[in-house]
Amino acid sequence: MLLKSKVAIISGATRGIGRAIALELGREGANIAFNYLKSKSEALDLEKEIKAIGVESKASQIDISDFDAVSEWVKKTKELFGGLDILINNAGIINDKALMFMEKEDWLKVINTNLNGVFNLTHAAIIGFMKQKSGNIVNITSVSGITGMAKQTNYAASKAGIIGFTKSLAKEVAAYNIRVNAVAPGFIETDMLDNLKEAYKKELLKNIPLARFGSPEDVAKVVKFLVSDAASYITGQTIIIDGGLSIQGGSF
Ligand code: NAP
């Protein structure tokens, strides 16, 4: 097992990519704390599913955009599990609109969840990581933050911000033996993709060289690699997981 007895916090793990990461890291022996916003029954089911693997798990209803609540959650998790080794900043939302129709609230909700959420959780963990001289952070960004995507100015800005955050923090804390990386998925089959119209999805597929949407497990396996010792010389990087979408020249 790659992560035996490590403790991982994953934001937004009730569904999709976060759920797959929680199970993947759990299967490698990590104890898993995760949060969610609304999906209580899915959260409790996942907690049980992770415990059945033979590791510890704790689900908490915490809004990732709430600085104080996130700080308290990290403190309590460390007390409960006896430490913290891995942080996965996964929670994210979309609220797609052309800029001319985008209200201030549409902008702020996405930035507060996707970007400020990463700040809140990482800020709560970083001093502990520095004191123990170890830690591993993976941030889930998006191809949208690299190539841009029409009607996603809020989302793409939040995701591009995460890439800058990742590089800057990687430089800041490398001397403390803390690695900070990101993964940038393209189109992954989760509830987020379900929001897209079928005709649009067919068009998108034409632009993906590997001719399929990704699975949450495609992302989870790369995250597992990044938090393992196999990636011990990798920091500040953003690994694109998109079936080749972005090498098509941003034609979506
Ligand atoms: P998803 O299926 O919509 O799940 C989002 C998760 O985030 C849920 O567990 C949700 O909890 C949680 N969440 C949302 N807002 C939250 C908040 N304020 N506080 C705490 N938790 C919150 O999303 P996904 O497709 O798996 O995406 C996961 C990450 O990958 C996101 O950062 C997304 O931007 C990124 N990504 C996804 C794709 C894709 O194609 N799917 C592509 C590129 C990047 P509840 O269930 O309680 O609402």
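These remarks concern the structure in this document. (Residues numbered from 1 in each chain as written. Predicted model: local features only at pLDDT ≥ 70, side-chain atom pairs only at ≥ 80, totals over all residues. Heavy atoms only, no water.)

### Topic: the overall build of the protein
From N to C terminus, the protein includes nine helices and seven strands. Over its C-alpha atoms the protein spans a radius of gyration of 17 Å, differing by no more than 12% from the 18 Å that the globule rule assigns to 252 residues. Here the C-alpha coordinates of the protein stretch approximately 50 × 40 × 35 Å along the principal axes. The average position of the 30 basic charges and that of the 27 acidic charges among the side chains of the protein differ by 2 Å. (Helix = DSSP H or I, 4+ residues; strand = E, 2+ residues; numbered from the N terminus. Rg over C-alpha atoms; globule rule 2.2 N^0.38 Å. Lys, Arg positive; Asp, Glu negative; His and termini not counted. Charge placed at Lys NZ, Arg CZ, Asp CG, Glu CD.)

### Focus: the packing of aromatic side chains
The geometry of two aromatic rings is summed up by the distance between their centres and the angle between their planes. A complete count under the given rule lists two aromatic pairs for this structure. Geometrically, the ring pair formed by F67 and F119 is stacked, given 6.0 Å between the ring centres and 20° between the ring planes. Separated by 52 residues along the polypeptide, F67 in helix α3 (residues 67–81) and F119 in helix α4 (residues 104–132) bring together distant segments of the chain. Using a relative accessible area of 39% as the deciding quantity, one classes F119 as partly exposed. Here F187 and F213 contribute two aromatic rings whose centre-to-centre distance is 6.3 Å and whose plane-to-plane angle is 70°, an arrangement assigned as edge-to-face. Residue F187 is located in the loop between β6 (178–185) and α7 (191–194), and its partner F213 is located in the loop between α8 (198–206) and α9 (216–227); the two are separated by 26 residues in the primary sequence. (Phe/Tyr/Trp six-rings, centres within 6.5 Å; stacked < 30°, edge-to-face > 60°. Buried < 20%, exposed > 50% of the residue type's maximum accessible area, 1.4 Å probe, protein only.)

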